[in-house]
Structure formats: structure tokens, C-alpha cells
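# Report on the structure
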Amino acid sequence: MPKYITVSAFAQARAAEIKAMLKAVTQKSSNSLVFQTLPRHMRRRAMSHNIRRLPRRLREMARKEQAEKAVHQKKEQSRSKCRRARRRHVQLVAEFNRRQRKNIWLETHIWHAKRFHMVKKWGYCLGNSPTEKCYRACYRAMTKHCLLQDLSYYCCLELTGKENELLKQLSRICSADTGLTFEEPCCLSGRFEGSLDLYRADCYPEAMLGPVTFIWKPRDGSANRQLWIWLHPALKQDILQELKAIFQCSEPEEICVPDPVTPSDQEEKQKVVVQKLGKRRKEDKEGEKAVPVKKIIGDGTRDPLQACSWVSPATGVLISDRSMEILRYRLIGPWAHCVLTGTLKAAALQTEMANSETELNKWWVENCKDSDKVSLHQRQSAIFELLEGLSSPSQVPPGTVLGLTVGDPRVNLPKKKTKAFPDSEKCQDVAKVRQLYLEGVPVDCAHSFIWDQDICKSVTDTKISEQDLNHMRAELLVPGSHLDLGPSESKIPILLVQQPGKMAGEDRLGWGSGWDLCLPKGWGMAFWIPFVYRGVRVGGLQEALKHSEYQRTPHTPNDFPDCRAGMQFAKELEADLLEKFKRRPPAKRANYVKLGTLTPFICPWGQLTKNWEGRMKASGEVVHPSSLHAEHQERHSFGEPKAEVVTEAPSESGELEETMEVSLEDTLKGKDDTGTQDVVPASDFIVLRSEKLLQQLAAWCYPTVGKDRRPRLVSRLGQKQMTEEVFLPILRSYPRALVWVKLSLLRKGNPELHAMICIPTEDDLLQLGRDRLYCGPQEPRHQDTFKHRIQKLREEKKTTTKAPEDEPASSIPDNTTDKQEDLILGLWSDALPDVTSHCSRALLGYVTRGDFSLAAGCGQALGFVSLTGLLWMLHRQPAASKGLVLVRTPASLQYRFARLTIEV
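Cut-offs used in this document
Residues numbered from 1 in each chain as written. Predicted model: local features only at pLDDT ≥ 70, side-chain atom pairs only at ≥ 80, totals over all residues. Heavy atoms only, no water. Helix = DSSP H or I, 4+ residues; strand = E, 2+ residues; numbered from the N terminus. Contact = heavy atoms within 4.5 Å. Areas by Shrake-Rupley, 256 points an atom, 1.4 Å probe, with all protein chains shown as cover. Expected span 1.5 Å × (residues − 1). Buried < 20%, exposed > 50% of the residue type's maximum accessible area, 1.4 Å probe, protein only. Pairing = 2+ DSSP bridges. Axes fitted to C-alpha atoms, helices over the stretch in contact; angles between N-to-C directions. pLDDT = per-residue confidence, 0-100. Patch = residues over 30% accessible without salt bridge, like charges linked within 9 Å, V, L, I, M, F, W, Y side chains within 5 Å. Salt bridge = Lys/Arg side-chain N within 4 Å of Asp/Glu carboxyl O. Lys, Arg positive; Asp, Glu negative; His and termini not counted. Charge placed at Lys NZ, Arg CZ, Asp CG, Glu CD. Parallel < 35°, antiparallel > 145°, perpendicular 65-115°, else oblique. Left-handed = near helix turned anticlockwise from the far one by under 90°. Nonpolar A, V, L, I, M, F, W, Y, C, P; charged D, E, K, R; others polar.

Below, the discussion takes up the overall build of the chain. Secondary structure assignment for the chain yields 30 helices and 25 strands. Within the chain, counting contacts between residues at least 6 apart in sequence, those at least 24 apart form 77% of the total. Carbon and sulfur atoms make up 51% of the accessible area of the chain, which amounts to about 48,000 Å² in all.

Following this line, the structure appears as C-alpha cells:
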């Protein structure tokens, strides 16, 4: 004990301890309330709200708890307490504009949001699939009636300049080897819409940009021509940058600054009324009439403050971004023209203004004074009425363009939903229908006023609102009768573009054909609701995917692995599937290592083509052209490759590979005029799109003898026989190429995403020939070599966590945790081996889309195969088994036989 103490210091120390003790006593150590601390036999429900029922020793603490609870739960009183105030038009417009700052909405967004599952993609908020069960109903609509889709999220780039200058530069980004070009005479005249694949300037067949469609404005005597290029929003940035580079557009012509979303004076007055608490909003007639119009901020694919027009000082070419300025609807089905003719009516001629104070239909009155334009409008109206005499849109020449000016479709709205059917009595002129079927639409009838931006802006600004239209309907003497607006009816320029549907292959030609409708912005819902009232079925992104699947055409951007958008899509899909895989426990998910599936969530196209090229070099098949005619060369020299030893290729092939690598490296960097470089994702493979080579491959895939032979098609194609003199030059030209193929399963089974396409052995084909009911071989179960490594890492982690007490925690190495995160049970975690020889059957390619086909009644799939592997397989297969492959889903060991075809 100390001999003496200082009173002041002792009291100060004890005061701090007493304060800490009182704080610990008064502070609650649990989240339970006072009445919850009582023994169970003393608890009563009334104690939770009546403090006087508690024991006296706990009442004071309960009062403090109640006071603290009231303070925490007290919220700021809402400005608009009732739902009626929150759902007012002023509040909804402000809320909708706030939501569109990140993902832009289409004009039909509200309609879709109530009936569809919405997804956020490419800067838009789009309808993915309907909430109702309508998978088969949508297929029946595409086959027997009509399916409607909103494609307004597609981007439109307008090029204006001299025709020679436009064609000169556009020829650098496309090739006649793949099909149409911008110089095609039928498309250049403006009669037809064309489609092609774009590449970086002078880089074909490498550096793929993506597929586009284009429409030329018909010649009107001016020196400049206009060209619309329609493209997917995922491809917009790459294609726009390439167009600015080839036309040397370095400076913007104008800046698109959107109107700030600020409320008007009337809106401010109405908000003040709403903010007054305890008072109900007083309705005033002036406030009802002053309804603010929904503002359109931007198109979502560019910054609102970014330039939307670029001009070239050298060439004089103007590039304008007209995305969301032109809406586009697609009607698919045999009765699409019945829906169009029943909903739209040609505009009536007008020579006098309805009201001199407004600009309503001023442009139409000026054009009606010209006799030539009046005659053109009458011819366009006559052709539009002839469409009802056709049994299907596929009877019109593919890509036909028809311009027209129609009246307000809201006037012709039926009383209730009715399906549109063809009326044979309305169209009796069979000769004109036959002439339309054979010759198509004349060049002058393809003209439309929608090409004029001033007219489109006038039509959008002078649109009659729904509220005014409803007031006019209410004033009718006979309710429900036809509303005749007379000269006050709006006139809208539109453009009709025929979609040819399925054009490749031999079966179901013309399926999925229809019409695309282009119209000015602001009129989206005015056309959408009348279409819905004609009995159409509305589809979303999933229905568009199924439409392209049944057409057997690549879908953008899913089926374009050699462009930037396709690579980005594959990475996002892999991340989503991997995350979904991790969420399931190991006992409830497939072990892909044991199943022999190296990459269940992505298709390693580069590794596939590289391995096939190595196998051909190992077998010594890439030879010098002069050795093709050697007498000692046997027919089956293109035989089984030696997988154990990879020998060096001859000097010629080595030089070829080196030049190919150099050319591929050159495509990774695109230089513009300013000297900057744009890095493009590395792609060590290409997709074969040469029509001549694809026709040759399609003929080789057909069996030449046996029950399934196609002598008529092969003779019609007139292709060469499959000899080494023919296919070896193809191998040297395209050593790392992919081919788009279609697969039809012979028996049961449904192919899935990322299913493997493999080559059957001779024993598989012999057993199939002996037994037609033979389903296919099975893959032997593989050994999971990563399981023991994962268990070892877990044990190391347990031992490292139990570190000595004197050792700091920071000194424990975290290598075990990093390695364990890299190793996932059931997935291949090391570098990929040779993917072609990992399983018992050689891997040929992968499936990108597969499902049970409602049209064929069996499982069908679409995907890519290696060109080298395909030629190797076709060369070794017997004549009666040409094109037979094996398909195995990632989570199964069972192989299924399928027929491989190439449709051109």
C-alpha cells in the first residue's frame, strides 16, 4: 500500500471508472426490449404497448426505450402522401426522366414494362420475353398470323455526300466475295434494302466489324445522295469510328445537347399545391390542358453532350447519327400485309391549310400542289392496296422498299381487338398482283418524305395529343362512330421494307418473312396500339432470337465470335454461367472434369483452330503446291494425324503461318488520321463467309450414294469433286477458319448451348449402319485430377489459420487462399490442353444455339466448326456417311448422331 495518496488524482481516476461502470450498466447489451427480458411465465403481449402492465422496476427503462424508438422511427413526412398524388402526370414524367438517365427507354417502354420481363442491354431498357406463357403461341404467330417487334433500339447512321465519293470509300470496308456490296445496282437505285458484313478498311477477311443493312435514297436530281446504315447498338461504336476514319471526318458539325429536364412554370405551381400538407389538390381546367409532354433525352448509346454529326472537309461527306430519330417496327408472318393494310390508310390529298395559326400539315399542302407528287402518291397508294391480294410477304421480291404517306392510325382504331384476315373481295385485279410479284415496286414509288429531317420534325411537333383526340371522340353525337378529323388529321411519312425470311437451304423457303415499318419519332404508341388491336402477338428479344434460329441465320451479336461485340457477349455469358455454377453446392452441380468438358461456359475458338492447324502440320498435309501432282502421293495421305509428336512444318507453310500472324497483328491496331491507335481484341481466327467456298463445302457435305443422297442439289450446284488438288489450297489460304453449320439430330436428344460437335469413328459409322436405332457411343468417365489438389489446399488453409499466438496474423501467407479461389471443384483450372484430342472423339466445333425445333420435330442446333477439321472429316468419311457428326452436351457422356449441313 502507498504511504500517502493525492486526493485530487485519486478522485479523478475513480470518477472515470465510475463513469464507465454506469455507462456499462445503463447501456443495453442485447437488442431485446425490456418486456422481452422477463421470464417466460411473466411475459404478456399487452406489455409491448402498455408500460403500466410491466413491473414498477422496469417501467422507467421502458419509457426511455419507447422515446428512443419514436425518435428513430420518425420519418420525414412525405410530400405526396397518397398514391393519387404520386401518380399524377407531372410526377410520373419527372420520375420517368430520372430513370432514363442511365438506360434509355423506347417509346413503347411503358406498354412493355407492364407485360414483359425487362432487361438492361446496350444502354437501353428492353423487353426480353412476355410474362405469360406464349412460347408456342409466338411460333404459331410467326408461322400462321403475325408477330410484332419493336426494333427502335437499332441504330441508324446517315451518310450524305456525292455518290462516287461514298462508293469509293465504302468499297474498302466490304467485299464482293461475301455477297452484296453498296454498289449493287438494284440497291443503289433505292428499290431494295441490302445486307452485308463490314470489315475494317482493306482487312478482309480479318478484322470483322459486324453485319448491317442499308437503304439508298432514290435519286431526286440533286448532286448528293443519302444512305441509311442500320446496325445493332453493340456494333455502333466500332462501325461509326471506322466510317469517320475512312471519310476523314475529324470535326463535328453540331453538338446534340438535350433539353434539361426542368419543370415548367405550370408544373412548379402544381408541385406547390401538392406539397401543401393536409390540403387536397384542387383540379383546375388550365392545369389539365397544360399536360407536359414526355421528354426524350438521348438514345443511350452515346453521351448526350457528344457530337451526333461529323463532316469531312476533304470529301464533303456528312455522317449523322439518327438513332431514335427513326423508329422501326417489324411484323413477321404471312398476314403481316393484312395487318398493315387494315391499320394504315393512305393520306387524303389536301390543298388548303386547316388552320393558318398552326403548322399542321403545311408540308403536305405544299406537296399536294405539285401534280407529279400527287400522281406518285396515288401510285404508291394503289401498290399498297395490292398487298392485301398476296398470300404471304415472301411473294414480294426480297428487300422491296415502298414509300407512303398515311393518315393518323388512331382514327381507324377498332372498338375491340380483332384478328386481321385477308379479304379476297377487295383485290380482284389479279394481273396487277402478278405484275407486283414478278417486277416488284417501281423505283419512283420507293420515295418517301421520311428522308427529310425538317418534315419529320414538323410531323413530330404538330402531333395531336391523345387527350385532344379523346375529347373529340367524347363530343361525337353517336358514341363509337368513326372520327373524321378532315384537314386536321395528321399526315405521317413512312417507309415499308420487305423482310425476305428464310432464303438459305431447300426447306421452308420464305418462312419468317414480313415487313419493317420506319416512321418518325413521337409516333411510336400511335402506331403500336392499332397494331395490337389487329390481333398481332408481341415478342421481345427472346422471340427475335428464336426467329433467327428457325431461319438458321446468325444472330447479332451472339453468333459473330470474330468481332468485338461477339467477344464481349461471350465474356459476359461466361461470367453469368460461372456465377450461376458457383451458387450451387458441389453435390448439386455437374463435375465437368469427369465428364471431359474443358470449357462448359465458353467456346475456345482460337484454341480449336490452332490445335487443328497443329494436327495438320503434324501429319504433313500442308505441303508445297508443286508436290500435289507427285506420282507417289497416295489418295489417303490426308489421313490420321500423329498426335504424340508435333513436327515442324515445311518452310513454305512456316512462312505462310508467319505472314498470317503478322497480318493478324496488323489488324489489332487501327490508325485514324490523327495518328491515334484503337486497340481491337486479338482474334487469331476468322469466320469463312465467301459464298463460292461455302457453296463448295455445302456440296461436299451431302452424301453421294445411299438413301440420303442429294443428286439434284449437287448437280445443280455444279461443284468440283473433293480431291486434294481442290481442298489443299483452301487449307493453305484459311488455316484458322470457322464455318457456320446447321445440325439435325437423327434420333432423340436436344442439343444445348456450348455442346460439342465431334467426329465419329469408323466403328461408330459401322454400328449405325447395322442398327438404325443405335443412339450413339458414350464417352468414358475421366479422372478428376484437381480434386486432390483442392483438398490439399483446404488442409493447408486449416493449418495456416491455426498460427502460434506469438506470431502476428500478417505473417501468415495468403497463397493458399488465392490458389483455392483459382481451383473450382468440377472445372478445369489449368491451361487448356489440346481440345481436339482431349476426349475419345476428335472435337470439331461447338454449338452456339440449340433446342427442340417445332418446325422439324427433332432437335436442331446451329454452331461453328473448324474448316480444317471439317475437310479432314469429309475426306475420310465414306460416300454414304458424308456429313454425319456426333453431338454431346456439356453435362452428359452420351453422344448423339446428327446430320451436318451448310446452307448458303
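Continuing now.
Here the focus is helix α20 (residues 564-583). Between its terminal C-alpha atoms α20 stretches 29 Å, which fits the 28 Å expected from 20 residues at 1.5 Å a residue. All of the buried residues in α20 are Ala565, Gly566, Met567 and Phe581. Packing partners of the buried residues in α20 comprise α21 (592-595).

Pairing is mixed across the open sheet formed by six strands, whose spatial order is β13-β14-β15-β12-β4-β16. Each edge of the open sheet carries a strand with a single partner, namely β13 (401-407) and β16 (537-538). Note: strand β4 (residues 147-150) against strand β12 (residues 326-332), four bridges, orientation antiparallel. Residue Asp150 lies in a different strand from β12, and its bridge partner there is Tyr329. Here helix α12 (residues 336-343) sits on the sheet and contacts β12, β14 (491-499) and β15 (514-520); the angle it forms with β15, its principal contact strand, is near 35 degrees. On the sheet, helix α18 (residues 524-532) packs against β4, β12, β13, β14, β15 and β16 and is oriented at approximately 10 degrees with respect to β12.

Turning to the confidence of the model for the chain, a few remarks are in order. This prediction gives the chain a mean pLDDT of 81; 80% of its residues lie at or above 70. Across the chain, strand β21 (residues 756-758) holds the top mean pLDDT of 95, while strand β18 (residues 677-679) sits lowest at 36.

Quick look at the pairing of β15 now. Burial of β15 is extensive: seven of the seven residues sit out of reach of the surface. Direction of pairing for β12 relative to β15: antiparallel, over a ladder of seven bridges. Bridge pairing in β15 places Tyr329 opposite Leu517. In terms of strand pairing, β14 meets β15 through five bridges, oriented antiparallel. Note that in β15 the partner of Val497 across the bridge is Asp516.

Moving on, we come to a positive patch on the surface. Together, Arg83, Arg86, Arg87, Lys114, Arg115 and Lys417 give the surface a local cluster of positive charge. When you line up the elements, Lys114 lands in the loop between α5 (109-113) and β2 (116-121).

Right, let's talk about helix α6 (residues 135-144) for a bit. Of all the residues in α6, the buried ones are Ala137, Cys138, Tyr139, Ala141 and Met142. Buried residues along α6 sit against β4, β12, β16 and α19 (541-551).

Right, let's get into the packing of helix α26 (residues 724-733) against helix α30 (residues 867-876). Relative orientation of the contacting elements α26 and α30 amounts to 165 degrees, with a least axis distance of 10 Å. In terms of axis orientation, α26 runs roughly antiparallel to α30. Both α26 and α30 take part in a crossing whose hand is left-handed. Across the interface between the two elements, Glu724, Phe727, Ile730 and Leu731 of α26 pack against Leu867, Thr868, Leu871 and His875 of α30. Residues belonging to the contact of α26 with α30 are distributed by class as follows: five nonpolar, two polar and one charged.

The residue Thr405 is located in strand β13 in this model. Looking at Thr405, the relative accessible area reads 2%, which means it is buried. The spacing of Thr405 and Pro493 is 88 residues in sequence and 4.3 Å in space, taken between C-alpha atoms. Sequence-distant contacts of Thr405, that is, excluding residues within four places in its chain, are made with Ala346, Ala347, Trp363, Trp364, His377, Phe449, Lys491, Ile492 and Pro493.

What follows concerns a nonpolar patch on the surface. On the surface, Ile18, Met21, Leu22 and Val25 cluster together into a nonpolar patch covering about 410 Å² of accessible area. Along the polypeptide, Leu22 turns up in helix α1 (residues 7-26).

Attention now moves to the sheet that holds strand β1 (residues 104-105). A sheet is described by the order of its strands in space; here three strands give the open sequence β1-β3-β2, paired in mixed fashion. The open sheet is flanked by β1 and β2, the only strands paired with a single partner. Note that β2 and strand β3 (residues 124-130) share six bridges and pair antiparallel. The residue bridging Lys120 from the neighbouring strand is Cys125, located in β3. Against the sheet, α19 engages β2 and β3, with an angle of about 70 degrees to β3.

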